[in-house]
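Observations on the model geometry
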Protein chains: 2
Amino acid sequence: MKFERVTTSSGSRARAGIITTAHGQIQTPVFMPVGTAGSVKGIHARDLKNDIKAQIILGNTYHLYLRPGISVIENAGGLHRFNSWDGPILTDSGGYQVFSLGDIRKLSEEGAKFQSHIDGSYHLFTPESVIDIQRSIGADIIMAFDECTPGDADYTYAEKSLGLTQRWLSRCFVRFGATSPRYGYEQSLFPIVQGGTFAGLRKKAAEHVCTFDADGYAIGGLSVGEPEDVMYEMVEVVTACLPENRPRYLMGVGTPANILEAIDRGIDMFDCVMPTRNGRNGMMFTSQGTINIRNNKWQDDHSEIDPEGWSFVDHDYSKAYLRHLIISNEMLGAQIASQHNLAFYLRLVTEARKHIIEGSFVSWKTEMAKKITQRL
Amino acid sequence: MKFERVTTSSGSRARAGIITTAHGQIQTPVFMPVGTAGSVKGIHARDLKNDIKAQIILGNTYHLYLRPGISVIENAGGLHRFNSWDGPILTDSGGYQVFSLGDIRKLSEEGAKFQSHIDGSYHLFTPESVIDIQRSIGADIIMAFDECTPGDADYTYAEKSLGLTQRWLSRCFVRFGATSPRYGYEQSLFPIVQGGTFAGLRKKAAEHVCTFDADGYAIGGLSVGEPEDVMYEMVEVVTACLPENRPRYLMGVGTPANILEAIDRGIDMFDCVMPTRNGRNGMMFTSQGTINIRNNKWQDDHSEIDPEGWSFVDHDYSKAYLRHLIISNEMLGAQIASQHNLAFYLRLVTEARKHIIEGSFVSWKTEMAKKITQRL
């Protein structure tokens, strides 16, 4: 994997770059649609590529391991073959999902024991098994197995948790180095910086991951309940420590405004379920502002969904029609809203990139953030 | 509306034809995807047209009247503008839906009083109001308001019910004649032949509808619980009475084999929720036979969904992937299965038409029926 910085924006730490993977190039900053169980909910693979213009999508180790199971994916020839997305894929390590399981998971030095949310069966994830699974999935970018520290953790917990994540990271790299790609193309391993909401721990964590000279670095454990200002502060602390010549991935973030702010602080890669999950509930991010399409005010608004949108759904369908579909629980409503929101996110980061290169990012960001956070 | 018979098949009553409507031509025999609430579940309008190659779709008076409500559709400029399907549209009159409501509807000479399945509110459909609503929806083909006689009705009930349907039909034509299209293009009114499972009543009903010299004729109240043989017998009795130079529509039928048999008996138009509803549950009609994609046998079948299919989903996705999506309740599974099944139905009637024109329908039908009714 290669990361080339195209330029930096004046007056900002924002970066434009190009990541080259075995499955193609990714222009950064980039937003990665989430395909938890091997499918971005409601979106055909060809629409992801041609309409939304996604450059890379996510898969989820935890979900894919449980269903369809790793042997099915191996027999398909990897996730790219299985789900017919032939661009780059990044897999989350399962650390976050296991964290979300709450009472039905138990951490130890060895790894995380958990019960399947599907059938209650018992499983163990270790740093080693999680690397093996991601080798089998065939992700271009593999995430290290970590403990996702809760947003409200105190210093003692966060420090102890970081220690576990650091020891697990070493084991991840050992296993990664001792194994080969299963399908013949290169895979990269990204460490995850934890440390809760404590600048000192975050700095320590960032310096620690740098010792591995990885192809890229991720920041985890943010947007998990802490105030936004704290999130931005942690991002600043961490990006200041990370090398300039490697991509930086802020995991699970966030609203369009969060993404603009994080780009400003030097983040290159993002993922979030918000565009699809909120879309299914009728919340639309548009170039004019945020819309709750369920509101009565859209009932007789027969204008197109987003006149500036780049998806066909923005122009083929009206707000009134979409409202009708969402209110009536018609599947097509969730499809349209998800496709619109994803295209909006992709368009936003593409615009951001353009303005970074043109040196106009800061003024554009200020104006855009005001526009898109409006509630219509 | 114009109906032109292209040819008839030798050794069969099957017909190939062309219906010309204000929104384009329809090559018959044709299958019409059902868009109950103004959307064919899970399918984008552009995929309906370009991928499934639908020529006409259905809307439903009952559902559209309740939600979004007729004023919204009027403000949009009719259903074609509202749902962005610019081809021909046929609307069911609501008779069948009201019939399905069971205890929460009451018939009288005036019409049908019913309670909304959404909020329990009370409504009255009369032959006149149902014509007015379909004028407002802007359907190219409007269906008469009828009582859908249950499949197990005795002669006394079926005869009495037919009488009501006949009197309502007269009122439908009076109202239709006294009103004009709302959006400037021509609309046609199709009567519906009822009569239960009694050949004598069906014949009487068919002769009655012919006195109206309509643009086309429908057969209702079949595939509602009666044996298949009885259904075919009723179709034969009715089509023998209907004029050759008008299209014939068998409502709500059916399996692919049902459709082939009905084409053989002179039916030109079909609709059914089976391809979408069964698709959502994982039942796939393919060129090799019927598949329950949930079965374990497909878990590791990485071959494409239907090598002979004409939809992109048939070739973009594998059986194993579709199985995984359906089992995991991923929305995309329902989308793929629905799109495949609809494309299969459209391809089936298109093939039928080709063989009718070539004079090889009967032998093709026999072979095809055997193939597609196989369970794989």
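It should be noted that the structure appears before, not after, this text.
Residues numbered from 1 in each chain as written. Chains lettered and ligands numbered in written order. Predicted model: local features only at pLDDT ≥ 70, side-chain atom pairs only at ≥ 80, totals over all residues. Heavy atoms only, no water.

**A look at the overall build of chain A**
- A count of helices and strands for chain A gives 15 helices and 17 strands.
- Against the globule reference of 21 Å for 376 residues, chain A gives a C-alpha radius of gyration of 20 Å, in line with a compact fold.
- When the backbone C-alpha atoms are referred to their principal axes, chain A occupies close to 60 × 50 × 40 Å.
- When the 376 residues of chain A are sorted by exposure, 61% land in the buried category. (Helix = DSSP H or I, 4+ residues; strand = E, 2+ residues; numbered from the N terminus. Rg over C-alpha atoms; globule rule 2.2 N^0.38 Å. Buried < 20%, exposed > 50% of the residue type's maximum accessible area, 1.4 Å probe, protein only.)

**A closer look at the interface of chain B and chain A**
- Tallying the contact residues gives 41 residues for chain B and 41 residues for chain A.
- Between chain B and chain A, a total of about 3,500 Å² is buried, with carbon and sulfur atoms accounting for 55% of that surface.
- When the area that chain B buries against chain A is broken down by residue, the three leading residues are B:His44, B:Arg46 and B:Met331, summing to 19%.
- On the surface where chain B and chain A come into contact, there are 4 salt bridges.
- As a salt-bridge pair, B:Asp47 and A:Arg46 come within 3.2 Å of each other at their nearest N and O atoms.
- At the junction of chain B with chain A, the criterion picks out 22 residue pairs in polar contact (both at pLDDT 80 or more). (Contact = heavy atoms within 4.5 Å. Buried area = accessible area lost by both parts, 1.4 Å probe. Salt bridge = Lys/Arg side-chain N within 4 Å of Asp/Glu carboxyl O. Polar contact = N/O pair within 3.5 Å; in protein donor to acceptor, adjacent residues only side chain to side chain.)

**Description of the sheet that holds strand E11 (residues 188-190) of chain A**
Residue and element names in this part refer to chain A.
- Strand order across the open sheet formed by 4 strands is E5-E6-E10-E11, with parallel pairing between neighbours. Strands at the two margins of the open sheet, each flanked by one partner only, are strand E5 (57-60) and E11. Direction aside, neighbouring strands of the sheet carry axes that sit 25 degrees apart on average.
- Pairing of strand E6 (residues 89-92) with strand E10 (residues 141-143), which is carried by 2 bridges, proceeds in the parallel orientation. Considered in E10, the bridge of Leu90 is made with Ile141.
- Sheet contacts for helix H6 (residues 127-137): E6, E10 and E11; angle to E10, the most-contacted strand, approximately 160 degrees. (Pairing = 2+ DSSP bridges. Axes fitted to C-alpha atoms, helices over the stretch in contact; angles between N-to-C directions.)

**With respect to the relation of the copies chain B and chain A**
- Aligned on chain A, chain B shows an RMSD of 0.0 Å; the corresponding rotation is 180 degrees and the shift along the axis is 0.0 Å. Such a turn and shift between the copies fits a two-fold axis. Of every C-alpha in chain B, the one belonging to B:Met331 sits nearest the axis of rotation, 3.9 Å from it.
- When you check the interface residues of chain B against chain A, 100% turn up at the interface there too, and the contact is symmetric in its surfaces. (Least-squares fit on C-alpha atoms with pLDDT ≥ 70 in both.)

**Let's talk about the pattern of salt bridges**
Residue and element names in this part refer to chain A.
- In the structure shown here, the tally under the stated rule is 36 salt bridges over all chains.
- A salt bridge links Arg347 to Glu308; the nearest nitrogen and oxygen atoms lie 3.4 Å apart. Separated by 39 residues along the polypeptide, Arg347 in helix H14 (residues 331-358) and Glu308 in the loop between strand E17 (289-292) and helix H12 (312-316) bring together distant segments of the chain.
- Look at Arg347 and you get buried, because its relative accessible area is 17%.
- Classification of Glu308 as partly exposed rests on a relative accessible area of 35%.
- A single network of salt bridges, built from pairs that share partners, joins Arg5, Arg15, Glu244, Arg248 and Asp268.

**A word on the side chain of B:Asn258**
Residues and elements named next belong to chain B.
- For Asn258, the location among the structural elements is in helix H10 (residues 256-264).
- Polar contacts involving the side chain of Asn258 include one to the side chain of Tyr232, which spans 2.9 Å.
- Other than its neighbours up to four places away in sequence, Asn258 contacts Glu228, Met231, Tyr232 and Val253.

**A short note on H6(A)**
Residue and element names in this part refer to chain A.
- Among the 11 residues in H6, 9 count as buried, and that is most of the element.
- Regarding H6, the residues found buried are Pro127, Glu128, Val130, Ile131, Ile133, Gln134, Arg135, Ser136 and Ile137.
- Looking one or two residues past H6, Gly138 carries a phi angle of roughly 85 degrees, positive in sign.

**Points about the pairing of E6(A)**
All names here are of chain A.
- Neither face of E6 is left uncovered, since the one carrying Ile89 and Thr91 and the one carrying Leu90 and Asp92 both have all their residues buried.
- Inspection of the sheet shows E5 paired to E6 by 4 bridges, in the parallel sense. What sits directly across from Leu58, in E6, is Leu90.

**Description of the packing of helix H7 (residues 155-178) of chain A against helix H8 (residues 199-210) of chain A**
Residue and element names in this part refer to chain A.
- Their axes nearest at 11 Å, the elements H7 and H8 cross at an angle of 5 degrees. Regarding the angle of H7 to H8, the classification is roughly parallel. Only Leu201, Lys204, Ala205, His208 and Val209 of H8 make contact with H7, whose side of the interface consists of Tyr155, Ala158, Glu159, Leu162, Gln166 and Leu169. (Parallel < 35°, antiparallel > 145°, perpendicular 65-115°, else oblique.)

**Let's talk about unusual backbone geometry**
- Omega for the peptide link from A:Arg67 to A:Pro68 comes to 10 degrees, which places this bond in the cis form.
- Among the secondary structure elements, A:Pro68 is positioned in the loop between helix H2 (61-66) and helix H3 (70-76).

**Concerning the pairing of strand E2 (residues 15-21) of chain B**
All names here are of chain B.
- The buried count for E2 comes to 6 of 7 residues, which makes it a mostly enclosed element.
- Of the pairings in the sheet, the one linking strand E1 (residues 2-8) to E2 comprises 6 bridges and is antiparallel in character. Directly across from Glu4, in E2, lies its bridge partner Ile18.
- Linkage of E1 to E2, two consecutive antiparallel strands, is achieved through a turn of 6 residues, within which Gly11 is found at a positive phi near 75 degrees.
- Two elements, E2 and strand E3 (residues 24-28), share 5 bridges in a ladder whose sense is antiparallel. Paired with Thr20 across the strands is Gln25, a residue of E3.
- Once E2 ends, the chain turns through 2 residues before running back antiparallel as E3.

**Notes on the packing of helix H10 (residues 256-264) of chain A against helix H15 (residues 361-373) of chain A**
Residues and elements named next belong to chain A.
- Following both chains from N to C, one finds H10 and H15 inclined at 165 degrees, their axes separated by 9 Å at the closest point. By the criterion of interaxial angle, the relationship of H10 to H15 is roughly antiparallel. In the packing of H10 onto H15, the handedness of the crossing is left-handed. Facing H10, whose interface residues are Pro256, Ala257, Leu260, Glu261, Ile263 and Asp264, H15 presents Phe361, Trp364, Lys365, Met368, Ala369, Ile372 and Thr373.
- Counted by class, the contact of H10 with H15 contains 9 nonpolar, 1 polar and 3 charged residues. (Left-handed = near helix turned anticlockwise from the far one by under 90°. Nonpolar A, V, L, I, M, F, W, Y, C, P; charged D, E, K, R; others polar.)

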